[in-house]
Every structure is written in structure tokens, then in C-alpha cells.
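Below are the chains, spelled out letter by letter.
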Amino acid sequence: MNTKYPMALLGLLTILGCELLTVVSSNKTEALRIMENAPVIDGHNDLPWQLLSKFNNQLNEVNLHTLNDTHTNIPKLREGRVGGQFWAAYVPCETQGKDAVKRTLEQIDVVHRMCEAYPDTFLCVDTAQDIATAIRAKRVASLIGVEGGHSIDSSLGVLRTFYHLGVRYMTLTHSCNTPWADNWLVDTGSDPAKSNGLSEFGKNIILEMNRLGMMVDLAHVSAKTMKDALEVSKAPVIFSHSSAYKLCASARNVQDDVLRIVKEKKGLVMVNFYNDYVTCSSKANLSNVADHFDYIKNIAGYESVGFGGDYDGVPRVPEGLEDVSKYPDLVAELIRRGWTQVELEAALKDNLLRVFTEVEQTSLQMSSEKPKEVPINYQEIKSDCHTSYGYKLVDTSAAAHLHAAKGLLLMCLVYTLFH
Ligand SMILES: *[C@@H]1O[C@H](CO)[C@@H](O)[C@H](O)[C@H]1NC(C)=O
Ligand SMILES: *[C@@H]1O[C@H](CO)[C@@H](O)[C@H](O)[C@H]1NC(C)=O
Ligand SMILES: *[C@@H]1O[C@H](CO)[C@@H](O)[C@H](O)[C@H]1NC(C)=O
């Protein structure tokens, strides 16, 4: 038996195999090289919600190094080259008009405590500059986004207080209308429209966020609310976790006309990885997510696309993007698709830093403006859980009775006079 040919074949195969391996791994290597200086700043992660659900916010009962039934833990963040994260201070719509404010404060508190408990990993920051500083110090720059306008209970005072506590974006609604903004379910027909976008009070909320320097987040709002906010806001807005409607016609995603306004206003759409918003089905893969990146880049430009994984906030994530360790694989796929280093660095971190910096500058420019003080109309928030202190209310029922009594008296008088 001649062993010469099989040996040669084996050699050839080995060379081919090695080359294939190099080709396969080279884009991942390139992704890791780019992410060394441009780690991802992700727009939305619900780990704080997991801390509440699993541990009732008792950090002593959890070890974030070894936690293994979540999308997020410290080794995975490191492997995923996560340099900045907006942690969601999320409480369900069920809390609206009840204990939303208290529970949101507790979610803000748990993020601060997380930073204190793991100082080698997390650095809580609240400025664009400090994100860059944290990244240089190899920490995960940790910021807070309040996910849902119901969390402020229609109060400008609560909004301002959240800002003082470090909150740097607020999603105008979660999956429910607030008294001043309509949510995405209005567009599916499952919620009735309430404000037809933003009410006048809602527009004032936007302006107050501009004045404070808090980013306006339009994930979860109705298409009309998106347009109203884009028109009213003096600073660029973000979608902290939304994808492209054209590729998956969910009202949670962003339609082309809005993508074009986002481009014009230099805003940012941070792509959501949730299967149901990626493919509109329960199944999705990394390549499907990359399609959203390509699509939004094509319509809105590479300066308006970013990462908003929604990890730990959703029950299903794509094959290949199972947890926060997988961002480099997505970057490798984008490299394969021809994204340049500049485009990748923009999507990974520079776009967010640019928008945040512009929001900060807008705030500076508005520094001579006084805080907005006119509260929401009491009728909008009237419930057993709210008192009316401060509101000068006419007792409408008593006034109505008085009015009726006066009318009756007048009628009697007229009758008496003319008979
Ligand atoms: C996950 O963590 C739990 C609790 O620390 C541990 O008992 C379990 O073995 C871990 N599972 C894996 C797959 O590492
Ligand atoms: C991802 O899913 C699509 C179908 O949506 C399929 O065509 C494609 O081959 C899959 N890609 C990978 C890498 O599995
Ligand atoms: C790596 O990316 C380049 C484009 O930058 C592409 O031509 C090549 O096919 C990719 N390699 C693999 C294995 O996908």
C-alpha cells in the first residue's frame, strides 16, 4: 500500500484546516483587538431586576462572580468586553400610581450598592467623561436608566430627584400609558390612545429632561410619542433597546420614517437582541441581529446605531448571543460584513458618548432656565393613593349643588314675579 498520497493529503488537509481556522478566528481576533480600546457601552441591561426577583435586592445573598443562571455576571462581562452599561431601574407597570416611586428608588439603590460591593469591577458614573475614565481604569462604567415614565408618578420633583441620584436616561413609558405619554401597545390596538403621543405636560417633561441633562429614551413608546419627542427635544434622543421595524414588524421597533428623523437629529438606536423583536418569532440567531445593525446603519447611518442587548430583561436571546460574553462574536460578524473600524468604534461606544455629551451641553446651554414648576392637573392623577396637598381644588360636587340651587331659586323668583 502506498502511503505517500494519504500522507500528502493529510498534510494538505492540515494546512487547509489551519488556514480555515485562522480565517475563522481572525475576525474574532480583530474584534477583540478593536474592543480593547473600544469596549461596548450597552444601552440596557436588567440585572437589577434579577437582583430584585431572585434575592429581593439582598446583595449579601449573591456572588456576582459566580452567579450562573443569569445572562450577566462578572466573568461574562469581562469576556464580552463590556466597558459601560446602563443598568435599568425597572419596576412593572402594575406599580403605576401605587409604589412605583419607592420601588424605583430601591432599584437605583441596588445599582449604587452593586458598585460599592464590587469596586474592582464596577464604577458608578454619571457623566460622559467619567465613562471614558472608568473604561481607562478597566472598570465597567455603570449608569442608571429609569425604564418607564410611571416611575416618576407624573412628578417633575421626582424626575429632578432621580437626576440627582445619578439617573441619566428615562424611558418615557414602559408597556403602559402614563397620564402624559402613550406607549407602544397603543400601536398594536391593545391599549387605547390617551394623549395621542405626548400631552402638554409630557412635552414639559422632555424640556425638563433637556434642562437637567437626562437622555430621553424612546424604547417602548408609541410611534406618535417618538415623533412628538423628537420634535420637542432640544437634544438628541436614544432608543436604549429597540430594533428595526422593517425586519420585524413589532411596534417595539423603529419604523423607517422615525429612523430618518433620528439620523437628522443625530440620535441613537441601540439594537435589542430579544428574539421576538429580532425575527418576530421565538427563534433568532446572531446573524439575524447583525441584519438589524446593517439595516439601521443603511437608513440612519453608522453614527446612529448602537448596542442595547436587553440582557436579563427577556426570556429568549439569539443563538450565538446567549449572554453578555458574546458581544465580540457579533462584532466579528459585523467585520465579516464589511464594517470598518471607525464604524464599529462608533456603534460600540462613540455614538453613545457623543449623544450623552450633546445632552450635557444642551443642559449647560439651558442653565439660565428655571426648573419647571407647574404640576400635572390633579384630575390626571386622582386616585385613592394620591392626596391633593398643594392643589387649590374647587369642590366640584359642592359647587355643582350650589349652582343647581341658585338656578332653582332664580326660577322660583321669576315664577313668583310673573304670576
Ligand atoms: C451554578 O451555581 C450554583 C450555586 O452556586 C451551583 O450549585 C451550580 O453547580 C452552578 N452550576 C454551574 C453549571 O456552574
Ligand atoms: C440564522 O437564521 C437564518 C434564518 O433566519 C438562517 O438563514 C441562517 O442560516 C442562520 N445563521 C446561522 C449562522 O445559524
Ligand atoms: C472576515 O472578514 C472579512 C471582511 O472584513 C471577510 O472577507 C472574511 O470572509 C471574514 N472571514 C470569515 C471567516 O468570515
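An unreviewed UniProt entry annotates the protein as Dipeptidase of Eleutherodactylus coqui. Of the comments in the UniProt record for the protein, the one headed Function (unreviewed entry) reads "Independently of its dipeptidase activity, acts as an adhesion receptor for neutrophil recruitment from bloodstream into inflamed lungs and liver." UniProt annotates the protein under Subunit (unreviewed entry) with the comment "Homodimer; disulfide-linked."

Colleague: Got a sec to walk through the overall build of the protein? Specific residues and values, please.
Modeller: Counting its secondary structure elements, the protein contains 16 helices and nine strands. Looking at the 419 residues of the protein, the share that counts as buried comes to 52%. In the protein, the proportion of contacts linking residues at least 24 apart, taken out of those at least 6 apart, comes to 72%. Surface summary for the protein: the accessible area is close to 19,600 Å², and the carbon and sulfur share equals 56%.

Colleague: Mind laying out the pairing of strand β4 (residues 140-147), listing which residues take part and the relevant values?
Modeller: Counted residue by residue, β4 has eight buried out of eight residues, so it is predominantly covered. Along β4, one buried face is formed by Val140, Ser142, Ile144 and Val146 and the opposite face, lined by Ala141, Leu143, Gly145 and Glu147, is buried too. Sheet analysis places strand β2 (residues 82-89) next to β4, joined by six bridges and oriented parallel. Bridged to Gln85 within β4 is Ser142. In this sheet, β4 lies alongside strand β3 (residues 122-124) in parallel orientation, the contact comprising three bridges. Pairing of Leu123 across the sheet is with Ala141, part of β4. Note that the unit made of β3, helix α5 (residues 128-136) and β4 has a crossover that is right-handed. Strand direction decides the pairing type here: β4 and strand β5 (residues 167-171), joined by four bridges, are parallel.

Colleague: Run through the state of the cysteines, naming residues and quoting values.
Modeller: Going through the model one piece at a time under the given rule, you end up with three disulfides. Between the sulfur atoms of Cys93 and its disulfide partner Cys176 the distance amounts to 2.1 Å. Residues Cys93 and Cys176 are joined by a disulfide whose S-S torsion is about -85 degrees; by sign, that bridge is left-handed. Remark: Cys176 occurs in the loop between β5 and α7 (185-188) and Cys93 occurs in the loop between β2 and α4 (100-117); sequence separation between them is 83 residues. Under the relative-accessibility criterion, Cys93 is labelled buried at 19%. The disulfide pattern of the protein is 1-4, 2-3, 5-6 when the bonded cysteines are numbered in sequence order.

Colleague: Summarise helix α8 (residues 200-212); cite the residues concerned and give the values.
Modeller: Since there are 3.6 residues in each turn of an α-helix, residues three or four apart along the chain are aligned in direction. Compared with an ideal rise of 1.5 Å per residue, which puts 13 residues at 18 Å, α8 spans 18 Å between its outermost C-alpha atoms and is within 8% of the ideal. Listed in full, the buried residues belonging to α8 are Phe201, Gly202, Ile205, Ile206, Glu208, Met209, Asn210, Arg211 and Leu212. Backbone geometry just after α8 places Gly213 at a positive phi near 95 degrees.

Colleague: So what's going on with the pattern of salt bridges? Which residues, and what values?
Modeller: In the structure shown here, the tally under the stated rule is 24 salt bridges. Across the salt bridge formed by Asp329 and Lys28, the nearest N and O atoms sit 3.0 Å from each other. Here Asp329 is found in helix α13 (residues 327-336), whereas its partner Lys28 is found in helix α1 (residues 4-37), with 301 residues between them in sequence. Close ionic contact of Arg337 with Glu333 constitutes a salt bridge, the shortest N to O distance being 2.7 Å. Judged by relative accessible area, Glu333 falls into the buried class, the value being 11%.

Colleague: Would you mind going over the packing of aromatic side chains in detail, with residue names and values included?
Modeller: Scanning all chains against the criterion turns up 13 aromatic pairs. With a centroid separation of 5.8 Å and 80 degrees between ring planes, the pair formed by Tyr311 and Tyr327 is classed as edge-to-face. With Tyr311 in the loop between β9 (305-307) and α13 and Tyr327 in helix α13, this pair connects stretches of sequence that are 16 residues apart. Tyr327 sits in the buried class, given a relative accessible area of 1%. Clustering of aromatic rings is evident, with ring pairs tying together Phe273, Phe293, Phe307, Tyr311, Tyr327 and Trp339. Lying over the aromatic face of Tyr163, Arg168 brings its terminal NZ or CZ to 3.7 Å of the ring centre. The cationic tip of Lys297 hangs over the ring face of Trp339; the distance from NZ or CZ to the ring centre is 4.4 Å.

Colleague: Quick one: what's the story with the packing of helix α10 (residues 256-264) against helix α12 (residues 286-300), residue by residue and with numbers?
Modeller: The description of two helices packed together rests on the angle between their axes and the distance between the axes. Orientation of α10 relative to α12, taken along the N-to-C sense of each, is 60 degrees, at an axis distance of 8 Å. Classified by the angle between their axes, α10 and α12 sit oblique to one another. The two elements α10 and α12 cross, and the hand of that crossing is right-handed. Between α10, through Asp256, Leu259, Arg260 and Lys263, and α12, the contact on the second element is made entirely by Tyr295, Ile296, Ile299 and Ala300. A per-class count over the contact of α10 with α12 returns five nonpolar, no polar and three charged.

Colleague: Would you mind going over the environment of Lys102 in detail, with residue names and values included?
Modeller: Here Lys102 shows up in helix α4. Taking the C-alpha atoms as reference, Lys102 lies 9.8 Å from Ile152; in sequence the two are 50 residues apart.

Colleague: Explain the pairing of β5 residue by residue, including any values.
Modeller: Within a regular strand, the side chains alternate between the two sheet faces. Along β5, five of the five residues are buried, which leaves the element largely enclosed by surrounding structure. Sheet analysis places β5 next to strand β6 (residues 215-217), joined by three bridges and oriented parallel. Of the residues in β6, the one forming a bridge with Tyr169 is Met215.

Colleague: How would you explain the nonpolar core if you had to name every residue and give the values?
Modeller: In this structure, Leu172 and Phe307 are the most contacted members of the largest nonpolar core, which totals 97 residues. Membership of the second largest hydrophobic core comes to 20 residues, among which are Phe86, Val125, Leu353 and Val355.

Conventions adopted
Residues numbered from 1 in each chain as written. Chains lettered and ligands numbered in written order. Predicted model: local features only at pLDDT ≥ 70, side-chain atom pairs only at ≥ 80, totals over all residues. Heavy atoms only, no water. UniProt positions renumbered as here; feature names shortened; annotations may be inferred. Helix = DSSP H or I, 4+ residues; strand = E, 2+ residues; numbered from the N terminus. Buried < 20%, exposed > 50% of the residue type's maximum accessible area, 1.4 Å probe, protein only. Contact = heavy atoms within 4.5 Å. Areas by Shrake-Rupley, 256 points an atom, 1.4 Å probe, with all protein chains shown as cover. Pairing = 2+ DSSP bridges. Right-handed = clockwise from strand over helix to strand, strands pointing away. Disulfide = S-S within 2.5 Å. Expected span 1.5 Å × (residues − 1). Salt bridge = Lys/Arg side-chain N within 4 Å of Asp/Glu carboxyl O. Phe/Tyr/Trp six-rings, centres within 6.5 Å; stacked < 30°, edge-to-face > 60°. Lys NZ or Arg CZ within 6 Å of the ring centre and 35° of its normal. Axes fitted to C-alpha atoms, helices over the stretch in contact; angles between N-to-C directions. Parallel < 35°, antiparallel > 145°, perpendicular 65-115°, else oblique. Left-handed = near helix turned anticlockwise from the far one by under 90°. Nonpolar A, V, L, I, M, F, W, Y, C, P; charged D, E, K, R; others polar. Core = buried A, V, L, I, M, F, W, Y, C linked by side-chain atoms within 4.5 Å.

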